[in-house]
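Understanding the architecture of this molecule
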Amino acid sequence: MRKKIVVGNWKMNLNSEKAYKLLENLESISFPNDVEVIIAPPSIYLDSFSKAKKLFISSQDVSSNDNGAYTGEFSAEMLSSLNLKYSIIGHSERRQYHGEGEDLICKKARQLLKYNISPIYCCGESLENRKSKNHFQVVKSQLSRLLNEFRGSDFQNLIIAYEPVWAIGTGLTAQPSDAQNMHLFIRQLIDDKFGLEIAQSVPILYGGSCKPSNSKELFSMNDIDGGLIGGASLDADSFSTIINSF
Ligand code: PGA
């Protein structure tokens, strides 16, 4: 049985007072034992958030380098020293605003795996790609380096997040059946490379305007193992409903 996972990606939102209040509210939410709830706050809060009791904490990014002269960055070794177990990498906002590509994102994945931190590896096509029916090809190419340069055992520590860019923060959500088709496609890519057992063990999350009104239907799909939630994770009630919609 694959893990059910919900990740709240707070992006660059909430001042410290609001962030700690929301964390406190979320820590008091009840949810089933078989759901793993992960919060990815702005990195400035990671140290104190790492003491959370019920929730797992993730960073939203990590450096591709070892410790050294890289002003403004933080390393996988630092995340590990806070006992963090997850880090988002390759989010479409990093790809768009910071020009990140597969080469860099895979270096980040390697750094994380070296310290036993699970990368939450994001992929997803643009609206243009989908309109021109290139979406499967685009997602395949976003994952090809990962599939070709990493081992099956690495995939056992990896989470994939499929986030169609046109659905992020726009209120537009992929139809559950379209999302399911892409998740199945991704699982088949893993199967082709590493076999069914590993393919069946990798959690694949959906992200992009996932909210209380659609999470149940999305999470009921065979190959959707949970969600990467942006906007709706900033409200304790909405997030709680999403966590409880498996
Ligand atoms: P959204 O963001 O839920 O606000 O669409 C999802 C994400 O970017 O991770």
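Throughout what follows, the structure given in this document is the object of discussion.

About the criteria used
Residues numbered from 1 in each chain as written. Predicted model: local features only at pLDDT ≥ 70, side-chain atom pairs only at ≥ 80, totals over all residues. Heavy atoms only, no water. Near = heavy atom within 4 Å. Polar contact = N/O pair within 3.5 Å; in protein donor to acceptor, adjacent residues only side chain to side chain. Areas by Shrake-Rupley, 256 points an atom, 1.4 Å probe, with all protein chains shown as cover. Nonpolar A, V, L, I, M, F, W, Y, C, P; charged D, E, K, R; others polar. Axes fitted to C-alpha atoms, helices over the stretch in contact; angles between N-to-C directions. Helix = DSSP H or I, 4+ residues; strand = E, 2+ residues; numbered from the N terminus. Parallel < 35°, antiparallel > 145°, perpendicular 65-115°, else oblique. Left-handed = near helix turned anticlockwise from the far one by under 90°. Contact = heavy atoms within 4.5 Å. Core = buried A, V, L, I, M, F, W, Y, C linked by side-chain atoms within 4.5 Å. Buried < 20%, exposed > 50% of the residue type's maximum accessible area, 1.4 Å probe, protein only. Expected span 1.5 Å × (residues − 1). Pairing = 2+ DSSP bridges.

1. Examining the site of the ligand
In the vicinity of the ligand, 13 residues are found, and the nearest of them are Lys-11, His-91, Glu-163, Gly-169 and Ser-209. A distance of 2.7 Å is found between an oxygen atom of the ligand and a side-chain nitrogen or oxygen belonging to Lys-11. Contact distances for the ligand include 2.7 Å between an oxygen atom and a side-chain N or O atom of Glu-163. Bound to the protein, the ligand loses 95% of the 280 Å² it would expose on its own. Broken down by class, the residue content of the shell around the ligand amounts to four nonpolar, seven polar and two charged.

2. Points about the packing of helix α5 (residues 102-114) against helix α7 (residues 135-149)
At a minimum axis distance of 10 Å, the contact between α5 and α7 shows a crossing angle of 45°. As the angle between them shows, α5 and α7 are arranged oblique. Like other packed secondary-structure pairs, α5 and α7 cross with a definite hand, here right-handed. Along the contact surface, α5 presents Glu-102, Asp-103, Cys-106 and Arg-110, while α7 presents Ser-141, Gln-142, Arg-145, Leu-146 and Glu-149. Of the residues assigned to the contact of α5 with α7, the class counts are two nonpolar, two polar and five charged.

3. A look at the nonpolar core
Counting 63 residues, the largest nonpolar core has Leu-26, Leu-143, Leu-146, Phe-155, Ile-160, Ile-186 and Tyr-206 as its most contacted members. Among the elements that take part in this core, helix α9 (residues 176-194) stands out by supplying six residues, more than any other. Counting residues in each nonpolar core, the second largest holds 12 residues, with Cys-122, Ile-159, Ala-161 and Leu-228 among its members.

4. Details of α5
A turn of α-helix holds 3.6 residues, and therefore any two residues three or four places apart point the same way. The end-to-end C-alpha distance of α5 is 18 Å, a good match for the 18 Å that 13 residues give at a rise of 1.5 Å each. Turning to α5, its buried residues number three or more, namely Glu-102, Ile-105, Cys-106, Lys-108, Ala-109, Gln-111, Leu-112 and Leu-113. The positive-phi residue at the C-terminal boundary of α5 is Asn-116, with phi of around 60°.

5. Observations regarding the pairing of strand β5 (residues 118-123)
Among the six residues that make up β5, six are buried, leaving the element largely enclosed by the rest of the structure. Burial of β5 is two-sided: the residues Ser-118, Ile-120 and Cys-122 facing one way and the residues Pro-119, Tyr-121 and Cys-123 facing the other way are all buried. With four bridges connecting them, strand β4 (residues 86-89) and β5 associate as parallel partners. Paired with Ile-89 across the bridge in β5 is Tyr-121. Pairing of β5 with strand β6 (residues 159-162) involves four bridges; the strand directions are parallel. Bridging from a neighbouring strand, Tyr-121 pairs with Ile-160 of β6.

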